[in-house]
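# Residue-level structural notes
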Amino acid sequence: MSRAREPPLVTGISPNEGFPWTKVTIRGENLGTGATDLIGLSICGHNCLLTAEWMSASKIVCRVGPAKNDKGDIIVTTKSGGRGTSTVSFRLMKQEKIGILDQSAVWVEEMNYYDMRTDRNKGISPLSLRPANPLGIDVHKGKIPQMDLEGLFQGMSGDFTSENFSATWYLIENHSATSFDQLKVAANFLRKQANKKNEGSLAYVKGGLSTFFEAQDALSAIHQKLEVDGTEKVEGSMTQKLENVLNRASNTADTLFQEVLGRKDKADSTRNALNVLQRFKFLFNLPLNIERNIQKGDYDVVINDYEKAKSLFGKTEVRVFQKVYAEVETRIDALRILLMDKLLEMPSTLLDQKRYIRYLSELHTPGDPAWKCIMAQHKWILQLMQSCRENYVKGKKSATVLHGPMLDLDSDVRPSPISRLSQTTSVKRASSFQSSRDDSWRFKAPQLVTFVDNLTEIVISQLPNFWKLWISYVNGSLFSETGEKSEQVEKWKKNARSRQNDFKKMIQEVINSLMKLIRGALLPSSLVEAELKQYGGWEAKVELSGQWLTHIIHTMRLNYESLTALEIPNDLLQTIQELILDLRVHCLMITLQQTADDVKRLAEKEDWVVDNEGITSLPAQFEHQVVQTLQSLKETINCKPGETSIFQHERNQRHVHELFIKIMKVFIYSLEHLSTKTEGDPESTHLPLDISSPDLLGNLHENFIPSPEQRLLIVLSNCDYLASHTFNNLAEQFVKHSFQGTEKIAQISIDDVKYLDQRLFETYIELKSDPIVGSLEPGIYAGYFDWKDCLTPTGVRTYLKEALVNIIAVHAEVFTISKDLVPRVLSHIIEAVAEEMSRLMQCVSSFSKNGALQAKLEICALRDVVSSFLTPDSISSFKQALETLPQLPNGAHKKLLEELLNKFKSSMHLQLTCFQPSSRSLVKT
């Protein structure tokens, strides 16, 4: 930034004394950078700027005015340096003028008197040269009206130069408040003036006495000569001869000096013309100066010069001044047209618009420039918005953002509206999915997102200035920085108040266009067919995800807050709130629909790796997916000040419930699909389980591909976890995130997953129990065994041991997946086995003693081994089977039965450990 210049310093003036209107040369330092920089010049307290002629930074020429101070400083003031100082002074001498009525012994050259205050060449009446104060005392004007004095002194006058002068009138008018002592002093002053006048006449006679004597002697000599010559001579009288001589002398003189006198007259005329040009050079140079200043852009200087010329020469009657002033008006008319073109040229900053309007106001431009500018700005904003849409719809706009200064007005090249706007400073925004402050994400954003960003930035960068321009127009500050009032300003302010409804329609049109353009891009179904032709055209565009819709909602909310800060009436911004609500509903529905699709694809991520609880990561992934969706919807669901809740409308709430239920059902269906899905050969994918291994889950590694039965078990375990934990957790999350009616969603989900669990469980039980149950009857009657004719029992037969081993295998398979499923599975399998045993016993027609003992041994052995997994149904079946058998005849048989049972349990102790409650609890710990 450049440093301000030093203040002006006057170091010399030549001459350093003189009479008023003396031409002087001022020298010094820092006297200005040019004629426009010089804004003040005073000598002895009198303003001499009008006659000043700036020569250089060290020299100024001017004329001294009729200052009141006899001696004073020379003060120069400039724009660049401010008020200066002076090291020298000028002494003003009082000029003793000889009036045209005063006596003088010498020849006094006649002169013209000019009124230097206005630079108008008008002769002053001799009467105006009278003394301003004939009494020599201070004048104290009275407050008596002039009409009362005229009525009191009819036919008289208070002017002491008038023939009807009245001293009383003069005293009342000029000295009504003067004391008597001062009037006595005034009387003495008049006596002195009268004596001085008499003495002056006497001095005049004394001073010119020799001149009178010489004139008297010459006249006497001429008279004597004439008497001596007489009148008798033929040539005529002496007087006649003298006349002839004088005539010849006059003719000869005229002949000799005619050319010289002509040149003198011409020179005088030229001198007078040059004098007029010099005195009024401001006016004569004004047209050229106006042209130069317009080219430089110094409109303030042009307006100031024009106002000055208008006040001095606006009503002049001098033809040459009228001609020059008419040329000035022509230049000013051209300036008005130029400023109006610049005002209506877009783009333009608010500062430039205010400046041009103020210029046009000061130039008294017809019409209303401010309103024309407002209409042009309104049209420009609408054009930018439509151009933005057309470029995106036609595919000319890449996914970019707006950067750089608002508008590059210094460039000589005028780019297209959109390319200019591409340099607009982007509005600071944050989004829920924005991980950093850089704008790199914008380059990956879909076109619809960048379109909304660019479109809203157009409005948010243009509308505030548009609104501020209107406010300045209404309160009048647009026309005057100082707040001065004039007839023209008041007229324009009145026009502004009468156009409030028109401006309101403009704002409403801009906001409605913004809303319809965004609806055409994001919510085309909300527009009618006629509006789609103007605001739509995005049919081929890809549907946005919920994350991008959330970003757009955030953008619209920021824009709404920015416009609200301008104090724009809320009724004009209502359409923005309506659009935000529709976008929130749309975002909610799209997000839930996309979540349903994502949940459907979760089945592809199932790795079948179970944890200690017997579940895979799939339920956790599902819960995380839904919770993440709820968190992403937090900004969408929460209401900002003035917004309406999404769930206020029952239709929206019902639709949301349906989508959440759909998400749950989709996941449950995925589980069902996983349970029936087969990959490769089951025999090749089935891995043998080492029950004795301390790491029962060691076989289920990352690359584990389960068998169909294992799939069923894993899915069953997941279903149980969903019903007992996941859906309840999600219900709490729904409440936490302000969703209503979530109990119904949770209950329906739990019911569906339980229904799936029941079907899958029945399928698994059928797969595992049928072979075991089917092997009982063949095993019992193997080797032609007959209950009527059999040997004394020696122990539990092989078929029952094989059945127990098969049950143990099921136990191992289930325990490997989920130990919590073991009681449920084994109890149902044992129910089937007990029911089959009861049926088989009931089908026997009769038992021998040994047969009854063998049957009771096997039934009791089976019952006692699986006692931990007995249910009321299985207990009932075992009871029915035992009741079918005949009673043992004596104690020997009972003792044998007990011995055989103990022997069986002892021999298969290791195999039967899995059925013991203590082992189960030990494994659980």
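Model, not experiment: these values are computed from the prediction.

## Remarks on a negative patch on the surface
On the surface, a cluster of negative charge is contributed by Asp611, Glu613, Asp720 and Asp820. For Asp611, the position within the fold is in the loop between α17 (570–600) and α18 (618–632).

## A closer look at the nonpolar core
Of all hydrophobic cores here, the largest spans 106 residues; its most connected members are Phe622, Phe739, Met841 and Phe915. Looking at which element gives the most residues to this core, the answer is helix α23 (residues 742–780), with 12 residues. Residues in contact with Phe622, not counting those within four places in the same chain, are Val599, Leu602, Ile663, Met664, Phe667, Leu722, Thr726, Phe727 and Leu730. Ile290, Phe313, Trp371 and Leu514 belong to the second-largest nonpolar core, a separate cluster that totals 89 residues.

## Focus on the sheet that holds strand β3 (residues 23–29)
One open sheet holds the 5 strands; their spatial order is β6-β7-β3-β1-β10, and the pairing between them is mixed. Each of the sheet's edge strands pairs with one partner strand only, and the pair in question is β6 (53–56) and β10 (85–86). Here strand β1 (residues 9–14) runs beside β3; their pairing, made up of 5 bridges, is antiparallel. Along β3, the bridge assignment pairs Ile13 with Ile26.

## Structural notes on helix α22 (residues 708–736)
Its 29 residues place the ends of α22 39 Å apart at the C-alpha level, agreeing with the 42 Å of an ideal helix rising 1.5 Å per residue. The largest bend along α22 measures about 50 degrees and falls at Leu722.

## Overview of the packing of aromatic side chains
For the structure shown, the criterion picks out 7 aromatic pairs. Between Phe785 and Trp787, the ring centres sit 4.8 Å apart and the planes meet at 90 degrees, which makes this aromatic pair edge-to-face. Its relative accessible area of 2% is what places Trp787 among the buried residues. Directly above the aromatic system of Tyr356 lies the positively charged group of Arg355, at a separation of 5.0 Å from the ring centroid. Taking the ring centre of Phe785 as reference, the NZ or CZ of Arg797 above it sits at 3.8 Å.

## Brief notes about the confidence of the model for the protein chain
The predicted model of the protein chain has a mean per-residue pLDDT of 75, with 81% of residues at 70 or higher. Every residue in residues 680–702 scores below 50 in pLDDT, and together they form 32 contacts with partners more than four places removed in sequence or on other chains.

## Description of the pairing of strand β8 (residues 71–78)
Burial analysis of β8 places 6 of its 8 residues in the buried class, the great majority of the element. Bridging between strand β4 (residues 38–43) and β8 involves 5 bridges; their strand directions are antiparallel. When the sheet's bridge partners are listed, Leu41 is paired in β8 with Val76. Bridge count for β8 against strand β11 (residues 89–92) is 3 bridges, and the pairing is antiparallel. Paired with Gly72 across the two strands is Phe90, which belongs to β11. Of the strand pairs in this sheet, β8 and strand β9 (residues 82–83) are connected by 2 bridges, and their pairing is antiparallel. Bridged to Thr78 within β9 is Gly82. Here β8 hands over to β9 after 3 residues, the two strands then running antiparallel side by side.

Definitions and cut-offs
Residues numbered from 1 in each chain as written. Predicted model: local features only at pLDDT ≥ 70, side-chain atom pairs only at ≥ 80, totals over all residues. Heavy atoms only, no water. Patch = residues over 30% accessible without salt bridge, like charges linked within 9 Å, V, L, I, M, F, W, Y side chains within 5 Å. Areas by Shrake-Rupley, 256 points an atom, 1.4 Å probe, with all protein chains shown as cover. Salt bridge = Lys/Arg side-chain N within 4 Å of Asp/Glu carboxyl O. Lys, Arg positive; Asp, Glu negative; His and termini not counted. Charge placed at Lys NZ, Arg CZ, Asp CG, Glu CD. Helix = DSSP H or I, 4+ residues; strand = E, 2+ residues; numbered from the N terminus. Core = buried A, V, L, I, M, F, W, Y, C linked by side-chain atoms within 4.5 Å. Buried < 20%, exposed > 50% of the residue type's maximum accessible area, 1.4 Å probe, protein only. Contact = heavy atoms within 4.5 Å. Pairing = 2+ DSSP bridges. Expected span 1.5 Å × (residues − 1). Bend = angle between axes of the 7 residues up to and from the residue. Phe/Tyr/Trp six-rings, centres within 6.5 Å; stacked < 30°, edge-to-face > 60°. Lys NZ or Arg CZ within 6 Å of the ring centre and 35° of its normal. pLDDT = per-residue confidence, 0-100.

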